[in-house]
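This is what each chain is made of:
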Amino acid sequence: MNVQEILTNLETKHPGEKEYLQAVHEVLESIETIYNENPQYEAAKIIERLVEPDRILTFRISWLDDDGNVHVNLGYRVQFNNAIGPYKGGIRLHPSVNLSILKFLGFEQIFKNALTTLPMGGGKGGSDFNPKGKSDAEIMRFCQAFMLELWRVIGPSTDVPAGDIGTGGREIGFMYGMYKKLQHENTGVLTGKGLNWGGSLIRPEATGFGASYFTQDMLKTQNDSFKGKTVCLSGFGNVTWGVALKVTELGGKVVTISGPDGFIYDKDGLDEDKIDYLLSLRASNNDIVSPYVDEYPEAKFYPGKKPWEVKCDIAMPSAIQNELNGEDAAQLIANGVKYVAEVSNMGCTPEAIDLFHNNKIPFAPGKAANAGGVAVSGLEMSQNAMKINWTREEVDAKLHQIMASIHTACEKYGTEEDGYINYVKGANIAGFIKVADSMLDLGVI
Ligand code: 2IT
């Protein structure tokens, strides 16, 4: 079957799973030529096997709130592909979570993890539970109930979950505590753990730091740097915090952050104090960004709006999938944007990506730019397995080197005749070849 027929079949088999179909479509479009040139892939039905998860676990989670009321949520673990290593990927806790979203995230994770150079397969999990506004005790009861089901299918060499939207250090702690109790072991089966109990230095900042290093490499291809550049970010969680920290250190000026309630424009740019404040804002657990202007009255809050209307040199969407659409891209381009790097997974719609490509604006897809998070998760697994801890400098140097190698892979497979680097194509082809060739080696399983 050719790529188009496979896609049509998939649309018939999984109608309505729009995020999943969007993610598959993007990858298959990039690899079509390679696939057609290598008949061994078609003979082994590599794509047909790669686009369906190895298995999906769905379960019910029942938990009690502080008033004694019973709540019921849905839980999932999508074990997508383990050709190059144990399933690896985060747990998303957000009311929008459904199977389509977790399948898209799990599918993306296969290629992202392959790009890190570390031995990790792809997976993702989560629940439609909304952690916002919940007490610590409610979060704990939910996380324990979640792990009471999940523990059966995970293990340090089988499937290693981590954080994602709504799952941070606190949630990982409650989940890991319950896993250890059930399994009687200390093998570090989750990553993003606290430093005192098996975590790695730099893991909280890793996604943002990695994305900044990657963007810096992208700028270097144009003999450019972050110095003096105006940068628009979205989101205000861990990922945005890490990007803000590193971009500011590298000489960029971060002028926007955002939440579900709107965006903040701070013309003076974020500084160390403001970046620290981001963390406390996040810790308040209210999911609103507007209190920033109470603390820093010179900044402006734009309710219900996205930051992409602000003039900037570099846009780095860092919140959630499809947060930057065709209209936003057109506005950014009209305002003279020079570079775009997705820090969120699939942060840009296909229409937005087409516009960046057609205007020859260097555009980094999430699976390349945000791979630093899972890369340092992989380094946490290594440290746990060796029962040692690396220093901050050691982890940061390894992260830096991994991001540079991802950039080199994108350049190798994505450079077009006119010299423009199509990072989407480069990342998808590099990730696909590694996984597809591994699947060939491993036989039909
Ligand atoms: O999207 C991602 O790469 C993550 N949420 C991190 C996954 C991980 O296993 O650290």
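Criteria and thresholds
Residues numbered from 1 in each chain as written. Predicted model: local features only at pLDDT ≥ 70, side-chain atom pairs only at ≥ 80, totals over all residues. Heavy atoms only, no water. Helix = DSSP H or I, 4+ residues; strand = E, 2+ residues; numbered from the N terminus. Rg over C-alpha atoms; globule rule 2.2 N^0.38 Å. Buried < 20%, exposed > 50% of the residue type's maximum accessible area, 1.4 Å probe, protein only. Contact = heavy atoms within 4.5 Å. Near = heavy atom within 4 Å. Polar contact = N/O pair within 3.5 Å; in protein donor to acceptor, adjacent residues only side chain to side chain. Areas by Shrake-Rupley, 256 points an atom, 1.4 Å probe, with all protein chains shown as cover. Pairing = 2+ DSSP bridges. Axes fitted to C-alpha atoms, helices over the stretch in contact; angles between N-to-C directions. Expected span 1.5 Å × (residues − 1). Bend = angle between axes of the 7 residues up to and from the residue. pLDDT = per-residue confidence, 0-100. Parallel < 35°, antiparallel > 145°, perpendicular 65-115°, else oblique. Nonpolar A, V, L, I, M, F, W, Y, C, P; charged D, E, K, R; others polar. Salt bridge = Lys/Arg side-chain N within 4 Å of Asp/Glu carboxyl O.

*Asks:* How should the overall build of the chain be read in this particular structure?
*Replies:* Counting its regular elements, the chain contains 17 helices and twelve strands. The C-alpha radius of gyration computed for the chain amounts to 21 Å, which stays within 12% of the reference 22 Å derived for 445 residues, consistent with globular compactness. C-alpha extents for the chain along the principal axes are approximately 60 × 55 × 45 Å. A total of 445 residues make up the chain; the buried ones form 57% of that total. Long-range contacts, defined as pairs at least 24 residues apart, comprise 72% of the intrachain contacts of the chain with a sequence gap of at least 6.

*Asks:* Even after reading the chapter, I still don't get the site of the ligand, so can you show me in this structure?
*Replies:* In the neighbourhood of the ligand, 14 residues make up the surrounding shell, with Lys 88, Lys 112, Asp 164, Arg 203 and Ser 377 lying closest. In the model, an oxygen atom of the ligand is placed 3.1 Å from a nitrogen or oxygen of the Lys 124 side chain. The backbone of Gly 163 places a nitrogen or oxygen atom 3.1 Å from a nitrogen atom of the ligand. Isolated, the ligand exposes 290 Å² of accessible area, and the fraction of that covered by the protein chains is 94%. Mapped onto the shell around the ligand, the elements with two or more residues apiece are strand 3 (87–93), helix 5 (99–115), strand 5 (159–163) and helix 15 (371–386).

*Asks:* I tried to follow the environment of Gly 169 on my own but got confused; where do I start?
*Replies:* Here Gly 169 is to be found in helix 7 (residues 169–183). For Gly 169, a relative accessible area of 44% gives the class partly exposed. Remark: the alpha-carbon pair of Gly 169 and Gly 199, spanning 30 residues in sequence, is separated by 9.6 Å. Each residue touching Gly 169, except ones within four places of it in the same chain, is listed here: Gly 192 and Trp 197.

*Asks:* I would appreciate a short explanation of the side chain of Lys 103 in the present structure.
*Replies:* Its location among the elements puts Lys 103 in helix 5. Using a relative accessible area of 2% as the deciding quantity, one classes Lys 103 as buried. Not counting residues within four places of it along the chain, the set of residues in contact with Lys 103 comprises His 14, Glu 17, Tyr 20, Pro 53, Ile 56, Val 78 and Phe 80.

*Asks:* Sorry, what's going on with unusual backbone geometry here?
*Replies:* Excluding glycine, residues mostly carry a negative phi; peptide bonds, for their part, are mostly trans. Even without being a glycine, His 184 presents a positive backbone phi close to 55 degrees. Within the fold, His 184 resides in the loop between helix 7 and helix 8 (203–220). For Asn 322, which is not glycine, the phi dihedral falls at a positive 55 degrees. As for its placement among the helices and strands, Asn 322 is situated in the loop between strand 10 (314–316) and helix 12 (326–334).

*Asks:* Help me understand the sheet that holds strand 5, please; the structure alone is not making it clear to me.
*Replies:* In any sheet, the strands associate via hydrogen bonds between backbone groups, in a parallel or an antiparallel arrangement. Pairing within the open sheet is mixed, and its five strands lie in the order 1-2-4-3-5. Because the sheet does not close on itself, it has two edges, and the strands there are strand 1 (55–64) and strand 5. Across this sheet, the average inter-strand angle for adjacent strands is 20 degrees, counted without regard to direction. As judged from the three bridges shared by strand 3 and strand 4 (residues 122–127), these two strands associate in the parallel manner. Bridge pairing in strand 4 links Ile 91 to Gly 125.

*Asks:* Would you take a moment to explain the sheet that holds strand 8 (residues 262–265) for this structure?
*Replies:* The sheet built from seven strands is open, its strands ordered 9-8-7-6-10-11-12 with mixed pairing. Taken across any chain shown, the strands that pair with only one partner, and hence form the sheet edges, are strand 9 (300–303) and strand 12 (363–364). In terms of strand pairing, strand 11 (residues 339–341) meets strand 12 through two bridges, oriented parallel. Note that in strand 12 the partner of Ala 341 across the bridge is Ala 364.

*Asks:* Looking at this model, I keep getting lost on helix 2 (residues 18–37). Mind explaining?
*Replies:* An α-helical turn contains 3.6 residues, so a residue and the one three or four places further along point in the same direction. Its 20 residues give helix 2 an end-to-end C-alpha distance of 29 Å, which sits within 8% of 28 Å, the value for a rise of 1.5 Å per residue. The largest bend in helix 2 comes to about 55 degrees, at Ile 31.

*Asks:* Before we go on, may I ask you to explain the confidence of the model for the chain in this structure?
*Replies:* Where the model shows low pLDDT, its predicted coordinates should not be examined in detail. Within the chain, residue pLDDT values average 97, and 100% of them lie at 70 or more. Helix 10 (residues 272–283) is the least confidently modelled element of the chain, averaging 89 in pLDDT, while strand 10 averages 99, the highest of any element.

*Asks:* Could you clarify how one ought to interpret the packing of helix 12 against helix 13 (residues 350–358) in this entry?
*Replies:* Between two packed helices, what matters for the description is the angle formed by their axes and the separation of those axes. Between helix 12 and helix 13, whose axes approach to 7 Å, the crossing angle comes to 25 degrees. Comparing the axis directions of helix 12 and helix 13 gives the class roughly parallel. For the pair helix 12 and helix 13, contact is made by Gly 326, Ala 329, Ala 330, Leu 332 and Ile 333 and by Glu 351, Ala 352, Leu 355 and Phe 356, respectively. For the contact of helix 12 with helix 13, the residue count by class is seven nonpolar, one polar and one charged.

*Asks:* Please explain the pattern of salt bridges as it appears in this structure.
*Replies:* Any two side chains of opposite charge can pair, given that their charged atoms come close. What the rule picks out here adds up to 26 salt bridges. Residue Asp 136 is joined to Arg 170 by a salt bridge in which the shortest nitrogen-to-oxygen separation is 2.7 Å. Separated by 34 residues along the polypeptide, Asp 136 in helix 6 (residues 136–150) and Arg 170 in helix 7 bring together distant segments of the chain. A network of salt bridges, in which partner residues are shared, links Glu 26, Glu 108 and Lys 367.

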